[in-house]
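Chain residues, written in single-letter form:
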Amino acid sequence: FLTACDLMNQGILALVSSIGCTSAGSLQSLADAMHIPHLFIQRSTAGTPRSGCGLTRSNRNDDYTLSVRPPVYLNDVILRVVTEYAWQKFIIFYDNDYDIRGIQEFLDKVSQQGMDVALQKVENNINKMITGLFATMRIEELNRYRDTLRRAILVMNPSTAKSFITEVVETNLVAFDCHWIIINEEINDVDVQDLVRRSIGRLTIIRQTFPVPQNISQRCFRGNHRISSSLCDPKDPFSQSMEISNLYIYDTVLLLANAFHKKLEDRKWHSMASLTCIRKNSKPWQGGRSMLETIKKGGVNGLTGELEFAENGGNPNVHFEILGTNYGEDLGRGIRKLGCWNPIVGLNGSLTDRKLENNMRGVVLRVVTVLEEPFVMVSENVLGKPKKYQGFSIDVLEALATYLGFKYEIYVAPDHKYGSPQDDGSWNGLIGELVFKRADIGISALTITPDRENVVDFTTRYMDYSVGVLLRKAEKTVDMFACLAPFDFSLWACIAGTVLLVGLLVYLLNWLNPPRLQMGSMTSTTLYNSMWFVYGSFVQQG
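This text gives an overview of the structure that appears in the document. (Residues numbered from 1 in each chain as written. Predicted model: local features only at pLDDT ≥ 70, side-chain atom pairs only at ≥ 80, totals over all residues. Heavy atoms only, no water.)

1. Topic: the overall build of the protein
The test is simple: Elements are defined by DSSP. Helices are runs of H or I of four residues or more, strands are runs of E of two residues or more, and each kind is numbered from the N terminus. Residue exposure (1.4 Å probe, protein chains only): buried if accessible area is under 20% of the type maximum, exposed if over 50%, otherwise partly exposed. For this analysis, residues touch if any pair of their heavy atoms sits within 4.5 Å.
When helices and strands are tallied, the protein shows 17 helices and 20 strands. With 542 residues in all, the protein has 40% of them scored as buried. In the protein, of all internal contacts separated by at least 6 residues, the share reaching a separation of at least 24 is 67%.

What follows is the structure, encoded as structure tokens:
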């Protein structure tokens with residue numbers, strides 16, 4: 001405020017601010033009171049996605065604040081993308097700097113549609129956070145958590161997203177069948193390549209994009225204004241590292257320059273009045289309304305595209321780019337543009353997963369199995385004819401064969417075993433059939449172990465199995481000797497023997513040499529009193 005007040009004392013035509021929401025409201029009040037056109041450029045903390053500021057708007061003539069950056073459309077974009085992908089269950093991760101209230105509208109809408117959504121904050125120390133999960137969760141809980149991570153949305157700055165993806169991949173919390181969405185306006189091409197390189201599975205990235213002139217020779221010219229090549233070239237490292245807020249600052253200054261030039265051409269220039277926000281009797285600037293209208297009616301084609309203002313004082317021009325990869329476990333795979341989104345047209349493009357091609361027609365696969373109810377069972381065994389099988393796993397195999405068009409021959413492993421490593425390094429059972437290429441596919445109720453994963457590839461697990469122990473509930477009975485339960489009978493016997501033995505020794509010593517043993521107020525030195533003295537010492541009582 002002191003800086004703004006000092007500027008007004010020297011004379012001011014417009015106020016440009018690139019700050020957070022907290023300070024923006026105060027500057028709005030100041031600009032409205034002094035009739036100073038205020039061009040507000042919302043800036044987020046450390047590249048974290050923006051949340052709506054909720055600046056107070058009115059239709060009266062005392063509203064002098066214009067929002068240069070478009071409204072926050074993250075709720076609309078996420079909802080459209082999630083709906084296109086037909087997600088029903090997913091988790092949202094957000095960092096410490098993000099205001100979770102920014103996606104409250106999205107959470108309300110998905111809740112109305114019956115989607116199952118979980119929220120989790122990502123701490124600054126990501127390694128400690130992941131280590132804590134392994135330390136506090138049981139195996140069954142970790143497996144359920146891994147299933148939850150198959151579909152996730154990351155609302156965080158690019159640096160935190162890179163570190164988080166690296167940790168969950170290295171700790172094997174995600175597999176190649178996962179699909180994550182990262183949404184942030186502040187993601188450049190370098191961040192995109194780095195995120196793809198660190199991730200596995202499928203990755204979708206949503207970011208704000210700006211139109212680039214197709215004519216390379218015209219990229220650095222905006223009317224009569226020439227832009228530095230380090231800013232207008234999208235491949236320039238300096239341009240890549242610039243925050244979106246700084247791009248809007250550049251265009252805002254260009255817009256103001258055009259507005260001031262138009263004022264001079266129309267001979268409607270208002271002298272800068274020296275204003276102060278300290279004294280109560282300060283009068284607002286008389287030319288503020290005229291300058292504000294000139295700025296609102298003007299427009300500029302700058303680094304962020306068309307910068308103009310609607311009747312409500314906001315910038316309606318915004319475009320989001322949706323990038324994505326295919327499923328895969330290879331790091332560093334390619335990424336392509338899937339579509340784009342804007343508030344007028346909506347989604348332009350299709351995000352629907354491409355189905356597998358039916359390119360296995362005519363292929364015959366050998367399938368090895370081990371009988372295990374209810375997964376694989378013999379349904380028909382006629383002499384001279386191939387056995388027929390049924391069960392849950394057989395139904396899955398039959399559905400795949402119908403969809404992909406292949407045929408299969410199924411047989412039981414010769415030794416009827418699932419497979420374990422032998423002393424010579426070879427494998428037996430079902431795993432051995434796959435290792436020695438005698439079978440193409442193995443299907444059964446097979447447990448995934450690290451040793452088996454080293455020699456064969458497993459699909460995503462479809463069932464978690466754990467062992468439970470049942471115990472008979474103990475009957476409650478009333479025992480009058482329950483007070484003796486803490487100690488064993490032999491220990492109680494030793495205590496009783498010690499009381500008797502020490503009491504006898506005290507009595508004998510006091511009887512042989514009375515003056516050397518004082519027993520307080522006790523005047524009698526009988527055996528009975530000696531026993532009570534020792535017992536009182538044991539139970540800490542007088």
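2. Some points on a nonpolar patch on the surface
Rule in force here: A patch consists of residues exposed above 30% relative accessible area that lack any salt bridge, with like charges linked at up to 9 Å and nonpolar side chains (Val, Leu, Ile, Met, Phe, Trp, Tyr) linked at up to 5 Å. In these tables, accessible area is a Shrake-Rupley quantity obtained with a 1.4 Å probe, and a residue counts as shielded only by the protein chains included in the view. Any Lys or Arg side-chain nitrogen located within 4 Å of an Asp or Glu carboxyl oxygen qualifies as a salt bridge.
Together, Leu501, Val502, Leu504, Leu505, Leu508, Trp511, Leu512 and Leu527 give the surface a local cluster of nonpolar side chains, amounting to about 760 Å² of exposed area. With respect to the secondary-structure elements, Leu512 resides in helix H16 (residues 489–512).

3. A closer look at unusual backbone geometry
Backbone torsion omega between Glu373 and Pro374 reads -5 degrees, so that peptide bond is classified as cis. Along the chain, the position of Pro374 falls in the loop between strand E16 (364–369) and strand E17 (377–380).

4. Comments concerning the pairing of strand E7 (residues 179–183)
In plain terms, the rule: Two strands qualify as a pair provided that DSSP identifies no fewer than 2 bridges between them. Convention used here: a crossover is right-handed provided that the path from the first strand, over the helix, to the second strand proceeds clockwise when the strands point away from the viewer.
Burial of E7 is extensive: five of the five residues sit out of reach of the surface. Note that strand E6 (residues 151–155) and E7 share four bridges and pair parallel. Looking at the pairing, Leu154 lines up with Ile182 of E7. Pairing analysis gives five bridges linking E7 to strand E8 (residues 202–208), with the strands arranged parallel. By the bridge assignment for E8, Trp180 is matched with Leu203. The handedness of the E7 to E8 crossover, carried by helix H8 (residues 189–198), is right-handed.

5. Section: the packing of aromatic side chains
Rules: Aromatic contacts are taken between Phe, Tyr and Trp rings whose centres are within 6.5 Å, Trp giving its six-membered ring; a plane angle under 30 degrees counts as stacked, one over 60 as edge-to-face, and the others as tilted. We count a charge as sitting over a ring when the NZ of a lysine or the CZ of an arginine lies within 6 Å of the ring centre and within 35 degrees of the ring normal.
In the structure shown here, the tally under the stated rule is 13 aromatic pairs. Seen in terms of ring centroids, Phe210 and Tyr248 are 6.0 Å apart; in terms of plane orientation they differ by 75 degrees. Their pairing is edge-to-face. Here the residue Phe210 occupies a position in the loop between E8 and strand E9 (221–222), and Tyr248 occupies one in helix H11 (residues 244–265), the gap between them amounting to 38 residues. Residue Tyr248 is classed as buried on the basis of its relative accessible area, which comes to 1%. Through a chain of ring-to-ring contacts, the aromatic side chains of Tyr85, Trp87, Phe90 and Phe106 assemble into a single cluster. Here Arg289 stacks its cationic end above the ring of Tyr64, 4.5 Å away from the centre of that ring.

6. Quick look at the pattern of salt bridges
As enumerated under the stated definition, the model contains 17 salt bridges in all. The shortest N-O distance in the salt bridge between Arg197 and Asp194 comes to 2.4 Å. Separated by three residues within a single helix, Arg197 and Asp194 lie in helix H8, roughly one turn from each other. Take Asp194: its relative accessible area is 15%, and that puts it in the buried class. Arg198 serves as the salt-bridge partner of Asp194, at 3.2 Å between the closest nitrogen and oxygen. Of this pair, Asp194 and Arg198 are both found in helix H8, four residues apart, which corresponds to roughly one turn of the helix. Classification of Arg198 by relative accessible area gives partly exposed; the value is 26%.

7. Describing the sheet that holds E6
Defined as follows: Between the N-to-C directions of two axes lies an angle of 0 to 180 degrees, each axis being a line fitted to C-alpha atoms and, for a helix, fitted only over the stretch in contact.
Spatially, E5-E4-E6-E7-E8-E13-E14-E15 is the arrangement adopted by the eight strands of the open sheet, whose pairing is mixed. Two strands bound the open sheet, and with one partner strand each, they are strand E5 (116–122) and strand E15 (346–349). Adjacent strand axes in the sheet meet at a mean angle of 20 degrees when their direction is disregarded. With seven bridges connecting them, strand E4 (residues 89–95) and E5 associate as parallel partners. Within E5, the residue paired with Ile92 across the bridge is Leu119.

8. Overview of the packing of helix H5 (residues 126–136) against helix H6 (residues 139–148)
Heads up, the condition is: These descriptions rest on fixed angle ranges, namely under 35 degrees for roughly parallel, over 145 for roughly antiparallel, 65 to 115 for roughly perpendicular, and the rest for oblique. Following the grouping adopted for this structure description, the nonpolar residues are Ala, Val, Leu, Ile, Met, Phe, Trp, Tyr, Cys and Pro, the charged ones are Asp, Glu, Lys and Arg, and the polar ones are all others, Gly among them.
In contact at an axis separation of 8 Å, H5 and H6 are set at 135 degrees when each is read in the N-to-C sense. Relative to H6, the element H5 lies oblique. On H6, the residues that touch Leu133, Phe134 and Thr136 of H5 are Glu141, Leu142, Tyr145 and Arg146. For the contact of H5 with H6, the per-class residue count stands at four nonpolar, one polar and two charged.

9. Here we look at the nonpolar core
Taken as a class, soluble globular proteins show a tendency for nonpolar side chains to be buried jointly. Our working rule: By nonpolar core is meant a set of buried Ala, Val, Leu, Ile, Met, Phe, Trp, Tyr and Cys residues that side-chain atoms within 4.5 Å join together.
Of all hydrophobic cores here, the largest spans 34 residues; its most connected members are Ile36, Leu39, Val68, Tyr248, Leu255, Ile295 and Phe309. When residues of this core are traced back to their parent elements, those giving at least two are helix H2 (21–34), helix H9 (229–232), H11 and helix H12 (288–297). Here this core gets seven residues from one element, more than from any other, and that element is H11. Those residues in contact with Tyr248 that lie beyond four places of it in its chain are Ile41, Val68, Arg69, Pro70, Gln208, Phe210, Thr304, Asn315 and Asn317.

10. A word on the sheet that holds strand E19 (residues 407–412)
The strand order E19-E16-E20 describes an open sheet built from three strands, whose pairing is parallel. At either end of the open sheet lies a strand with only one pairing partner, and these are E19 and strand E20 (441–443). The average undirected angle you get between the axes of adjacent strands in this sheet is 30 degrees. Bridge count for E16 against E19 is six bridges, and the pairing is parallel. Along E19, the bridge assignment pairs Leu365 with Tyr408. Sitting on the sheet, helix H13 (residues 392–404) touches E16, E19 and E20, and the angle it makes with E19 is about 160 degrees.

11. Describing helix H17 (residues 527–538)
In an α-helix, one full turn covers 3.6 residues, which means residues spaced three or four apart are oriented alike. This is how the line gets drawn: The span you would expect from a helix comes to 1.5 Å times its residue count less one.
Relative to the 16 Å expected for 12 residues at 1.5 Å per residue, H17 spans 17 Å between its end C-alpha atoms, a close match to the ideal helical length. In the core, the buried residues of H17 are packed alongside H16. In the segment just after H17, Gln540 is the residue with positive phi, at about 60 degrees.

12. Topic: the layout of surface pockets
Inclusion rule: A 1.4 Å probe that fits but cannot get out identifies a cavity on a 1 Å grid over protein atoms alone, an open set with protein on both sides within 12 Å along at least five of seven lines counts as a pocket, and a residue lines either if it has an atom within 4 Å of a point. Grid points are joined across faces, edges and corners, and a volume is the space filled by probe spheres set on the points. Those domain boundaries reflect an automatic or database domain assignment.
When its volume is computed, the second largest pocket comes out at roughly 950 Å³. In this structure, the second largest pocket is lined by 38 residues; those nearest its centre are Ile187, Arg207, Gln208, Thr209 and Phe210. Elements represented by at least two residues in the lining of the second largest pocket include exactly helix H7 (158–170), H8, E8, H9, helix H10 (237–241), H11, strand E13 (320–324) and strand E14 (336–342). Examining the composition of the lining of the second largest pocket, we find that three residues originate from one element, H10, more than from any other. Its residues assigned to classes, the lining of the second largest pocket shows 16 nonpolar, 10 polar and 12 charged. Taken domain by domain, the lining of the second largest pocket gets at least three of its residues from each of domain 1 (1–67 + 227–307) and domain 2 (73–226 + 319–349).

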